[in-house]
Amino acid sequence: MYQDIEYQISDRIAVISINRPKVLNAIRVQTYTDIIAALKASEADDNVSVVVMTGSNGKFTAGNDLSDLLPGGDLNAVSEGVAGIFDTLAGMEKPLILAQEGVAVGIGANFLLHADLAYAGKSIRYSLPFAKIGVASEGGSSVLLSEAIGPKNANDLLLTGRFFSAEEAEKWGLINAAVEDGTALEHAMKTAAALTKNSQGSIRAIKQLGRAEGHRERVNKAVLAEMKAFVALLDTPETQMRINHVLKGGK
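These lines cover the structure that appears in this document, whether it is placed above or below. (Residues numbered from 1 in each chain as written. Predicted model: local features only at pLDDT ≥ 70, side-chain atom pairs only at ≥ 80, totals over all residues. Heavy atoms only, no water.)

Attention now moves to empty space enclosed by the protein. Taken as a whole, this structure holds 3 cavities of 30 Å³ or more when the rule is applied. Approximately 40 Å³ is the volume attributed to the largest cavity. Ala-109, Asn-110, Leu-112, Leu-113, Leu-128, Leu-145, Phe-164 and Leu-174 together form the lining of the largest cavity. When grouped by side-chain class, the residues that make up the lining of the largest cavity number 7 nonpolar, 1 polar and no charged. (1 Å grid on protein atoms, 1.4 Å probe; cavity = no way out; pocket = protein on both sides within 12 Å on 5 of 7 lines; lining within 4 Å. Points joined across faces, edges and corners; volume = space filled by probe spheres on them. Nonpolar A, V, L, I, M, F, W, Y, C, P; charged D, E, K, R; others polar.)

What follows is the structure, given as structure tokens:
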């Protein structure tokens, strides 16, 4: 059923694992389609109480597959994938827990703004490299990141595109804990198991009450504005040059 992810359910916990190890689990259009379908399946399944998302082969994700952003790529499909995944995340009633190792770039880091709990291996490298490749921020990060960690810290990450650590992410409250490498999924599953024993009605009510009024609409508005800017910047020679540079191994 799924091409780019693995999806398993055990003991009321659904585990979604991004599975494109040859490209560091980079997310292409098919990956968006698979993740959206798995999240919706989890929400609709009465046998699922908690969703855990991780990545295969000791990596979370290197972010968007940049080959989709070159001339000839289906930008409409990319835009629909980005809009669809964050709309789905913003509408989830069940708790989502991230287990991240290795790298979490771009959308991989932005998932932190939409998850309820998160654990990361100590040596993980996070980055929001949009300015480095010449595009706009996405995933609602233009609004949500500043609210989460403060405007100066958000500007530091978004404007420089620098790598940041699990220690920094933990300090800012983006993750619950930086754990020993290779144990993020173990910690996520332990927490997920604890959540399955609590009142599911209470958990969903608490999650809903913790969101600002109109949360889903607000996220969608931000994501659509970001994608409009993203596509406009993508259609410039500078951005295409930057993307090609990265694809050829540049930094």
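After that view of the structure, there is still more to cover.
Bringing the sheet that holds strand E4 (residues 96–100) into the picture now. Strands sit in the order E1-E2-E3-E4-E6-E9 across an open sheet of 6 strands; the sheet is mixed. The open sheet has two edge strands with one neighbour each: strand E1 (5–10) and strand E9 (177–179). Pairs of neighbouring strands in the sheet enclose a mean axial angle of 20 degrees, with direction left out of account. Its contacts with the sheet place helix H8 (residues 184–196) against strand E2 (13–18), strand E3 (50–55), E4, strand E6 (117–121) and E9, and it is angled at close to 165 degrees to E4. (Pairing = 2+ DSSP bridges. Helix = DSSP H or I, 4+ residues; strand = E, 2+ residues; numbered from the N terminus. Axes fitted to C-alpha atoms, helices over the stretch in contact; angles between N-to-C directions. Contact = heavy atoms within 4.5 Å.)

The subject of this paragraph is helix H10 (residues 215–234). For H10, with 20 residues, the first-to-last C-alpha span of 28 Å sits near the 28 Å given by 1.5 Å per residue. All buried positions along H10 are accounted for by His-215, Val-219, Ala-222, Val-223, Glu-226, Met-227, Phe-230 and Leu-234. Projected down its long axis, H10 carries its buried residues within an arc of 135 degrees, all on one side. In this structure, H10 carries Glu-217, Lys-221, Leu-224, Lys-228 and Ala-232 as exposed residues pointing more than 90 degrees from its buried face. Buried-residue contacts for H10 involve helix H2 (75–91), helix H5 (141–149) and helix H11 (237–247). (Expected span 1.5 Å × (residues − 1). Buried < 20%, exposed > 50% of the residue type's maximum accessible area, 1.4 Å probe, protein only. Arc of directions from axis to C-beta.)

What follows deals with helix H1 (residues 29–44). Look at H1: 23 Å from first C-alpha to last across 16 residues, which is about the 22 Å you get at 1.5 Å a residue. Of the residues making up H1, those classed as buried are Thr-31, Tyr-32, Asp-34, Ile-35, Ile-36, Ala-38, Leu-39 and Ser-42. For H1, the secondary structure elements touched by its buried residues are E1, E2, E3, H2 and helix H3 (107–110).

Pairing is possible between side chains of opposite charge, provided their charged atoms come close. A full pass over the atoms with the stated rule returns 10 salt bridges. The salt bridge involving Asp-4 is made with Arg-28; its shortest N-O contact spans 2.7 Å. In this pair, Asp-4 sits in the segment before E1 while Arg-28 sits in the loop between E2 and H1, placing the two residues 24 residues apart along the sequence. Its relative accessible area of 28% is what places Arg-28 among the partly exposed residues. Note that Glu-147 is salt-bridged to Arg-218, the shortest N-O span being 2.1 Å. Residue Glu-147 is located in helix H5, and its partner Arg-218 is located in helix H10; the two are separated by 71 residues in the primary sequence. Look at the salt bridges and you will find they share partners, linking Asp-4, Arg-20, Arg-28 and Asp-65 into a network. (Salt bridge = Lys/Arg side-chain N within 4 Å of Asp/Glu carboxyl O.)

Without other data, these values stay purely geometric and don't point to any function.
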